[in-house]
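Residue-level structural notes
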Amino acid sequence: MAPTPSPLAVAVDLGGTHLRAALFTAEGAMLSRTRVRTEAERGPDAVIERIADVVREVMGTAPGQAIMGVGVTAPGPVDEKRGVVASPPNLPGWADVPLAERLQALLGLPVFLGNDANLAALGEYRYGAGKGLDDIIYITVSTGIGGGIISNGRLLTGAHGMAAEIGHMPIVPDGPLCGCGQRGHLEALASGPNIAREAEAALKRGWPSLLANHDGPLTAVEVVQAAQQGDATARHVLARAGHYLGVGIALLVHVFNPQRIIVGGGVSNAGDFLLEPARQSARDHVMKPYRDTFDIVPAALGDDAGLYGAGALVFDTCSAG
Ligand SMILES: [Zn+2]
């Protein structure tokens, strides 16, 4: 008789546009995956039914196999202990939805919930660019800036599940206005929209650029593309964002003493146009003994980091309990 295969985990990534699910082994092998539109406009009840459907779909690819549980990554803020999704801006009508409990009732399986940036950190730590290390910090730079911290092999969640809001660390007192209403936060200095805004300001000042004849508002993706084509203005704008990112990293290095900082999210496609200035600035802003204690690397799992983390959450929680 063949040995009984070890139980699997289902991971779900609940996004405002797409709903994704995947089936994982404890070793982090993704056995199958699926993606549908979230149809968030239909409200929480319909979305919860759709989540149950995608979970059943990926489970159906391994019939008869034991499933340990379901991990769900959701946009923050999330109450991880109670399994409640608070009120994500991209999920209209969601307010304190007890997602874990509702899914558990539909599926008859244990369901665990985590914040998207925290679970992306867990995914990179367990199966990606942080594999084999105990102390890493993951930073996602896209429309916003978020992150997750693994300290001594454990994901830091904080007293209220609100730890590691890296994008809202104050970097420049009285600096530019942040989306949260405060000033000078990292997100207001280095996120995608800030990069686009800075590029537009440079064009208005008459700096020469491939983007000069651009119609309509710029995006960070276009700035990154221009930098890759050799555009000095685009490179300068990305270097400025990288500089502030490095200041934020220097703060984190003094507090958490990580071995590695992993940078993901859409803007990280800028590669060394963002990361090299960040490395330089982080080095310039830390005390000497810290200089060679950490490195700054691109993420390895891309958009799938959260899915991998949601899978890891199931195995971690079940083996701890
Ligand atoms: Zn802020």
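About the cut-offs
Residues numbered from 1 in each chain as written. Predicted model: local features only at pLDDT ≥ 70, side-chain atom pairs only at ≥ 80, totals over all residues. Heavy atoms only, no water. Salt bridge = Lys/Arg side-chain N within 4 Å of Asp/Glu carboxyl O. Buried < 20%, exposed > 50% of the residue type's maximum accessible area, 1.4 Å probe, protein only. Helix = DSSP H or I, 4+ residues; strand = E, 2+ residues; numbered from the N terminus. Donors = N, O, S within 2.8 Å, 3.2 Å for Na, K, Ca; no water. Tetrahedral: all angles 85-135°; square planar, octahedral: opposite > 155°, others 65-115°. Contact = heavy atoms within 4.5 Å. Phe/Tyr/Trp six-rings, centres within 6.5 Å; stacked < 30°, edge-to-face > 60°. Lys NZ or Arg CZ within 6 Å of the ring centre and 35° of its normal. Domains from an automatic or database assignment. Buried area = accessible area lost by both parts, 1.4 Å probe. Polar contact = N/O pair within 3.5 Å; in protein donor to acceptor, adjacent residues only side chain to side chain. Nonpolar A, V, L, I, M, F, W, Y, C, P; charged D, E, K, R; others polar. Pairing = 2+ DSSP bridges.

1. Details of the pattern of salt bridges
Under the definition given, this model contains 14 salt bridges. When the shortest N-O distance is used, the salt bridge between Asp-79 and Arg-82 registers 2.9 Å. Residue Asp-79 is classed as partly exposed on the basis of its relative accessible area, which comes to 26%. Among the residues examined, Arg-82 registers a relative accessible area of 57% and is labelled exposed. The salt bridge involving Glu-276 is made with Arg-279; its shortest N-O contact spans 2.7 Å. With Glu-276 and Arg-279 both in helix α8 (residues 272-285) and three residues apart, the pair spans about one turn of that helix. A relative accessible area of 40% places Glu-276 in the partly exposed class. A single network of salt bridges, built from pairs that share partners, joins Asp-13, Arg-20, Arg-33 and Asp-304.

2. Here's the deal with the coordination of the zinc ion
Distances from the zinc ion to its protein donors, His-168 (ND1), Cys-178 (SG), Cys-180 (SG) and His-185 (ND1), fall within 2.0 to 2.3 Å. The site at the zinc ion holds four donor atoms, and with the angles between them running 97 to 120 degrees, its shape is tetrahedral. Along the chain, the residues donating to the zinc ion are arranged with the sequence spacing H-x9-C-x1-C-x4-H. Of this pair, His-168 sits in the loop between β10 (154-155) and α4 (186-190) while Cys-178 sits in the loop between β10 and α4, and the two are 10 residues apart along the sequence. By relative accessible area, which is 26% here, His-168 ends up partly exposed.

3. Considerations on the side chain of Thr-73
Tracing the backbone through its elements, the reader meets Thr-73 in strand β4 (residues 67-74). A relative accessible area of 1% places Thr-73 in the buried class. Residues contacting Thr-73, with those up to four places away along its chain left out, are Val-12, Asp-13, Leu-14, Gly-114, Asn-115, Asp-116, Leu-119, Gly-306, Leu-307 and Ala-310.

4. Some thoughts on the packing of aromatic side chains
For any pair of aromatic rings, the description consists of the separation of the ring centres together with the inter-plane angle of the planes. Applying the stated criterion across every chain yields a total of two aromatic pairs. Measuring from centroid to centroid gives 4.8 Å for Phe-24 and Tyr-308, while their planes differ by 55 degrees, and the two rings are tilted. Here Phe-24, found in strand β2 (residues 18-24), pairs with Tyr-308, found in helix α9 (residues 305-320); they are 284 residues apart in sequence, far enough to count as distant. The exposure classification of Phe-24 matches that of Tyr-308, with both residues buried. Ring centres 5.8 Å apart and planes at 55 degrees place the aromatic pair Tyr-127 and Tyr-308 in the tilted group. With Tyr-127 in helix α3 (residues 116-127) and Tyr-308 in helix α9, this pair connects stretches of sequence that are 181 residues apart. Tyr-127 sits in the buried class, given a relative accessible area of 16%. Here a set of aromatic residues connected by ring pairs shows up, and it is made of Phe-24, Tyr-127 and Tyr-308. Over the ring of Trp-207 we find Arg-205, and its NZ or CZ is 5.0 Å from the ring centre.

5. Some thoughts on the domain arrangement of the protein chain
According to the domain assignment, the protein chain contains domain 1 (8-121 + 304-320) and domain 2 (132-300). Summarising the inter-unit geometry, the C-alpha centres of domain 1 and domain 2 are found 28 Å apart. With seven residues of domain 1 at the interface, the matching set in domain 2 holds 16 residues. Summed over both partners, the interface of domain 1 with domain 2 comes to about 740 Å²; 54% of that surface belongs to carbon and sulfur atoms. Its largest share of buried area at the contact with domain 2, domain 1 owes to Ala-117, Asn-118 and Ala-121, together 57% of the area lost on that side. For the interface between domain 1 and domain 2, the tally reads zero salt bridges. The interface formed by domain 1 and domain 2 holds zero residue pairs in polar contact (both at pLDDT 80 or more) in total. The leading source of residues in the side of domain 1 that touches domain 2 is α3, at four residues. Looking at the side of domain 1 that touches domain 2 residue by residue, the classes come out as four nonpolar, one polar and two charged.

6. Digging into the pairing of strand β3 (residues 30-37)
With seven bridges joining them, β2 and β3 adopt antiparallel strand pairing. Opposite Ala-22, over in β3, you have Arg-33 as the bridge partner.

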